Amino acid sequence: MMDRWKLYWAGRSPREQRLLVVAGALAALILIWLMIGSAMTWTQQMQSASREAVEREGRVIAKAKLLARPAGAAGASAEIGNGAALDQYLAQSASELGLSLSRNEPRGADGVSIAMSQAKAQVVTLWLAELERQGMVLDNLTLTPQTDGTLGVTADLRRVTP
């Protein structure tokens, strides 16, 4: 096999030999480029699938926590009703669901202004629904979609006194 290759190579002019070397190098570069490109695409797909799985897990955990509480969740409602600092309660309940408040400012005795830069839509809506069930009222709510599939959230909440 090598003898045939040597004979073929020797039968070529120096110009043809150079062209064959360049063509071989280009073919090798294209092959390497295709392999690296497909590997990078595969890696991005795997990272995206991993992110989606983590988000799904967060939604399931948040739903399970909310469903595990009875409709009149006495512990949480009593904590809000007994004059607890509303901003502290909101920070704690948000962190229990994996949400991070970027702004949490008290507005008087019974109001709070909150903001989140990145939050999963389903987790936020479940959290806000739970707060409403506990006697909170949303005075203002702004949801801004982000490029990574999360939401930016700003809201003004107030405690309803019976």
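Just so you know, these numbers come straight off a predicted model, no measurement behind them.

Observations regarding the pattern of salt bridges
Applying the stated rule across the entire model yields five salt bridges. A salt bridge links Asp139 to Arg158; the shortest N-O distance between them is 2.9 Å. Taken as a pair, Asp139 in strand β3 (residues 136–145) and Arg158 in strand β4 (residues 151–159) lie far apart in primary sequence, 19 residues in all.

What about the pairing of β4?
Pairing of strand β2 (residues 111–119) with β4 involves seven bridges; the strand directions are antiparallel. Bridge pairing links Gly111 to Arg158 in β4.

Overview of the sheet that holds β2
Hydrogen bonding along the main chain pairs the strands of a sheet, whether they run parallel or antiparallel. Read across the open sheet, the four strands follow the order β1-β2-β4-β3; overall the sheet is antiparallel. In this open sheet, the two strands that pair with only one neighbour each are β1 (103–106) and β3. Going across the sheet, the axis of each strand differs from the next one's by a mean of 10°, ignoring polarity. Contacts from helix α4 (residues 86–96) reach β1, β2, β3 and β4 within the one sheet, and its direction differs from that of β2 by about 25°.

A short note on the nonpolar core
Soluble globular proteins tend to bury their nonpolar side chains together. Leu90, Leu99, Ile114, Met116, Trp127 and Leu131 are the most contacted members of the largest nonpolar core, which totals 22 residues. Per-element tally for this core: the top contributor is helix α5 (residues 121–133), with five residues. Non-local contacts of Met116, meaning those with residues more than four positions away in its chain, are made with Leu99, Ser100, Leu101, Ser102, Val124, Trp127, Leu151, Gly152 and Val153.

Examining the packing of helix α2 (residues 14–68) against α5
Geometry of a packed helix pair, given as the angle between the helix axes and the separation of the axes. The geometry of α2 relative to α5 is characterised by a closest axis approach of 9 Å and an angle of 15° between their N-to-C directions. As far as their axial angle goes, α5 and α2 are roughly parallel. Our pair here, α2 against α5, has a crossing hand that is left-handed. Contacts from Gly58, Arg59, Ala62, Lys63 and Leu66 in α2 reach Gln122, Val123, Leu126, Trp127, Glu130 and Arg133 in α5. Here the contact of α2 with α5 is built from residues that sort into five nonpolar, two polar and four charged.

Re the confidence of the model for the chain
Detailed reading of the predicted coordinates is not advisable wherever pLDDT is low. Per-residue confidence for the chain averages 85 on the pLDDT scale, and 90% of its residues sit at or above 70. Long-range and interchain partners of residues 74–79, a stretch whose pLDDT sits below 50, account for seven contacts in this model, where long-range means more than four residues apart.

Some thoughts on the environment of Ser100
The topology assignment puts Ser100 in the loop between α4 and β1. Note: C-alpha distance between Ser100 and Met116 (16 residues apart in sequence) is 6.3 Å. Excluding residues that lie within four positions of it along the chain, Ser100 makes contacts with Ala115 and Met116.

Examining the packing of aromatic side chains
Tallied over the entire structure, the rule returns two aromatic pairs. With a centroid separation of 5.6 Å and an interplanar angle of 25°, the aromatic rings of Trp5 and Tyr8 are classed as stacked. Of this pair, Trp5 and Tyr8 both sit in helix α1 (residues 2–10), three residues apart, roughly one helical turn. With a centroid separation of 6.0 Å and an interplanar angle of 35°, the aromatic rings of Trp5 and Trp9 are classed as tilted.

The rules behind the values
Residues numbered from 1 in each chain as written. Predicted model: local features only at pLDDT ≥ 70, side-chain atom pairs only at ≥ 80, totals over all residues. Heavy atoms only, no water. Salt bridge = Lys/Arg side-chain N within 4 Å of Asp/Glu carboxyl O. Helix = DSSP H or I, 4+ residues; strand = E, 2+ residues; numbered from the N terminus. Pairing = 2+ DSSP bridges. Axes fitted to C-alpha atoms, helices over the stretch in contact; angles between N-to-C directions. Contact = heavy atoms within 4.5 Å. Core = buried A, V, L, I, M, F, W, Y, C linked by side-chain atoms within 4.5 Å. Buried < 20%, exposed > 50% of the residue type's maximum accessible area, 1.4 Å probe, protein only. Parallel < 35°, antiparallel > 145°, perpendicular 65-115°, else oblique. Left-handed = near helix turned anticlockwise from the far one by under 90°. Nonpolar A, V, L, I, M, F, W, Y, C, P; charged D, E, K, R; others polar. pLDDT = per-residue confidence, 0-100. Phe/Tyr/Trp six-rings, centres within 6.5 Å; stacked < 30°, edge-to-face > 60°.

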